[in-house]
Amino acid sequence: MCNGQTGLHTVEDMNAPTAELKERQGTTEEKHAKRKRKKAKVAHTNCDDMVEEQSAGTSEQGHVPCMDKETDLQEATDLMNPAIQIGTRKHKKKKKNEEPTKETDRNILEELKEFIPDIESKTQFELNKIILYDLPRYRVFKKEGIALRHGRFSSAENNRLRQNVQDFLALTGVQNASRLFHTKRFPEEKQAISTLKRNHRFFERIAEGIPRTCREVFIRGRKVFDEGNYMGRFTEEEVKALLKFHTIHGSNWQKISELTGRSPFAVEKRFSQTSSSHFVSSILSHTDEKTGPWSQKEVQRLLRAVRNYIVTKLKSEATDKRTPTRVSREMLYRKLPYFDIALKVKTRCWAKCRMKWLSIAAARMSSGAVFDRRKSMEGKIRLIKVLYEMQIEDVTDVNWDDLSALFGDVPPATVQLKWHQLKIGYVPNWQNKCFGDIVDYLYEKILPGLVKDCEDFEDELKVDQQESFLLSDIFQDIDEEYCDDSDEDSKQTQKES
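Residues numbered from 1 in each chain as written. Predicted model: local features only at pLDDT ≥ 70, side-chain atom pairs only at ≥ 80, totals over all residues. Heavy atoms only, no water.

Chemist: Tell me about the overall build of the protein, and please be specific about residues and values.
Modeler: Along its length, the protein carries 23 helices and two strands. By residue count, 37% of the 497 residues in the protein fall in the buried class. Only carbon and sulfur atoms are counted for the fraction: they give 51% of the accessible area of the protein, which is about 31500 Å². (Helix = DSSP H or I, 4+ residues; strand = E, 2+ residues; numbered from the N terminus. Buried < 20%, exposed > 50% of the residue type's maximum accessible area, 1.4 Å probe, protein only. Areas by Shrake-Rupley, 256 points an atom, 1.4 Å probe, with all protein chains shown as cover.)

Chemist: I'd like to hear about the side chain of serine 404, residue by residue, with values.
Modeler: Structurally, serine 404 can be placed in the loop between helix 19 (400-403) and helix 20 (412-426). Relative accessible area serves as the criterion here: at 3%, serine 404 is assigned to the buried category. For serine 404, the side chain forms a polar contact with the main-chain oxygen of aspartate 401, separated by 2.7 Å. Residues contacting serine 404, with those up to four places away along its chain left out, are Arg329, Val410, Pro412, Val415 and Gln465. (Polar contact = N/O pair within 3.5 Å; in protein donor to acceptor, adjacent residues only side chain to side chain. Contact = heavy atoms within 4.5 Å.)

Chemist: If you had to explain helix 16 (residues 338-345) to someone new, which residues and values would you point to?
Modeler: Within helix 16, the full set of buried residues consists of Tyr338, Ile341, Ala342 and Val345. Buried residues in helix 16, looked at end-on, bunch into an arc of 100°, giving them a common side. Contacts made by the buried residues of helix 16 are with helix 15 (296-317) and helix 17 (350-365). A positive phi of about 80° marks lysine 346, the residue just after helix 16. (Arc of directions from axis to C-beta.)

Chemist: Could you give an account of the pattern of salt bridges, with specific residues and numbers?
Modeler: Within this structure, the stated rule accounts for 17 salt bridges. A cluster of three or more residues bridged by salt bridges with shared partners is formed by Arg149, Glu157, Arg212 and Glu216. (Salt bridge = Lys/Arg side-chain N within 4 Å of Asp/Glu carboxyl O.)

Chemist: An account of helix 12 (residues 253-260) is requested, with residue identities and associated values reported.
Modeler: Among the residues making up helix 12, those that are buried are Trp253, Ile256 and Ser257. Take helix 12 and look down its axis: the buried residues cluster within an arc of 105°, on one side only. Taken together, the buried residues of helix 12 touch helix 11 (236-249) and helix 13 (264-272). Downstream of helix 12 by one or two residues, glycine 261 has phi in the positive range, about 85°.

Chemist: Give me the lowdown on the packing of aromatic side chains, citing residues and values where you can.
Modeler: Counting across every chain of the model gives 14 aromatic pairs. On the basis of an interplanar angle of 85° and a centroid distance of 6.3 Å, the ring pair of phenylalanine 202 and phenylalanine 218 is categorised as edge-to-face. With a gap of 16 residues between them, phenylalanine 202 in helix 9 (residues 202-206) and phenylalanine 218 in helix 10 (residues 214-224) connect regions that are remote in the sequence. Residue class for phenylalanine 202 comes out buried when judged on its relative accessible area of 1%. Through successive ring pairs, a cluster of aromatic residues spans Tyr133, Phe168, Phe181, Phe202, Phe203, Phe218 and Phe225. When the ring centre of phenylalanine 202 is taken as reference, the NZ or CZ atom of lysine 197 above it lies at 4.8 Å. Looking at arginine 262, its charged tip hangs above the ring of phenylalanine 234, at a distance of 4.0 Å from the centre. (Phe/Tyr/Trp six-rings, centres within 6.5 Å; stacked < 30°, edge-to-face > 60°. Lys NZ or Arg CZ within 6 Å of the ring centre and 35° of its normal.)

Chemist: Explain the environment of asparagine 429 to me, and be specific about the residues and the numbers.
Modeler: Within the secondary structure layout, asparagine 429 lies in the loop between helix 20 and helix 21 (435-453). What makes asparagine 429 partly exposed here is its relative accessible area of 45%. Side chain to side chain, asparagine 429 and asparagine 432 meet in a polar contact 2.7 Å long.

Chemist: So, the environment of valine 386: which residues are in play, and what are the values?
Modeler: Assignment of secondary structure puts valine 386 in helix 18 (residues 373-390). A residue is classified by how much of its surface remains accessible, and valine 386, at 22% relative accessible area, is partly exposed. Sequence spacing of valine 386 and leucine 403 is 17 residues, and the spatial spacing of their C-alpha atoms is 8.4 Å. In this structure, valine 386 is in contact with Leu403 and Leu406, ignoring residues within four places of it in sequence.

Chemist: So what about unusual backbone geometry? Which residues, and what values?
Modeler: Of note, the phi angle at arginine 201 is positive, near 55°, even though the residue is not glycine. Since its relative accessible area comes to 9%, arginine 201 is described here as buried. One non-glycine residue, asparagine 429, lies in the positive phi region at around 55°.

Pasting the structure below:
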């Protein structure tokens, strides 16, 4: 039954679709189909664009070898395929602690393990960056037999970075390197510079020829090309201001950098040297630091501070409650808390405490042989010979731990000190010579005279390095008479009890 006035319909009328309803349904289906075709076309176009862009870039930069086989082309296509690596172009904001997902191809992960052993610990966002920017470069380095480097940048790497940046500046017309690495400091030019960096593949170009990740190279560039990073030592007023701003802003080094005019690297490093509350207090109260020879009381406080730290650490690592009697050679010079030690010495900064302790440790580990004139001369002769045979072009590639055996039982810092003495004592104008030239000069000009002066020189070192030492031998002459205030208070308390 239907009533025209009330707009009610019978069941038959309601089940029969009208022409208007059919038209609307057809239009909706067409829209869905059109969207699917458009998405597929965009994904295919984006993939083609990325492969074409990567091919063009590699022809200019030499990052990826020419793809003369269909398999190579397919491999590069898969590598750049957003569906495989980075999804669509619309990224969701990644969380820093996000675990890697299974979206990355296992074969790519296995390949990356050759270069980055802990690759599986990276987040998916980090993986995408490494695959996009670094994997093609890694493959080239592997074919050329070049291993990836870590740690400090060598002078050759720093020079290559500067040259790459100069080339990029010439290509884009950007005024200076600071605008490339610190774009946010130039808000009026930020958009234009960011566009140039994106269009000319900034990250890959500055890392060209440097066997490190693009991220490592970029971080190094931010430090090298920061005008606020090389302004000399902090004045006392600057240190006070730094401590004040840190109290207000915490570890927001970017904000403190803006307030002090120093780079974030510089303020963070300087604060780490004044992070102890007692040391900060001494700075604020104008406590003067002693200079010159160490007094017996200072040496005693230094020895006791180092011994207490080592004994405490040994006890914490021991499985039983026995009092430790031996200490490993590495524990005597690696990762000692020199800031805390300086607080107990009271009159010397952490750097001077470190230098003094290492000299004491070298003498006691070697039973004083390293300071014997003949032994010292023999060690220098061996050092020159070994460095020459190693054919190393940069001092950052020298493993001083391995070379410590040339002098017997000594910390690696002692070998570095001997090298410094050779350099400044025998090589004229050494500041303007590279490491390789200094070694060549010592080997060709100085070594024959040293060997001649050292009669009956024995080329082989007879002393084997010990793995551990008796604590009583290293800390043999600690005199409890030289106690600090806290020790005196504790002794008095013991007597009264």
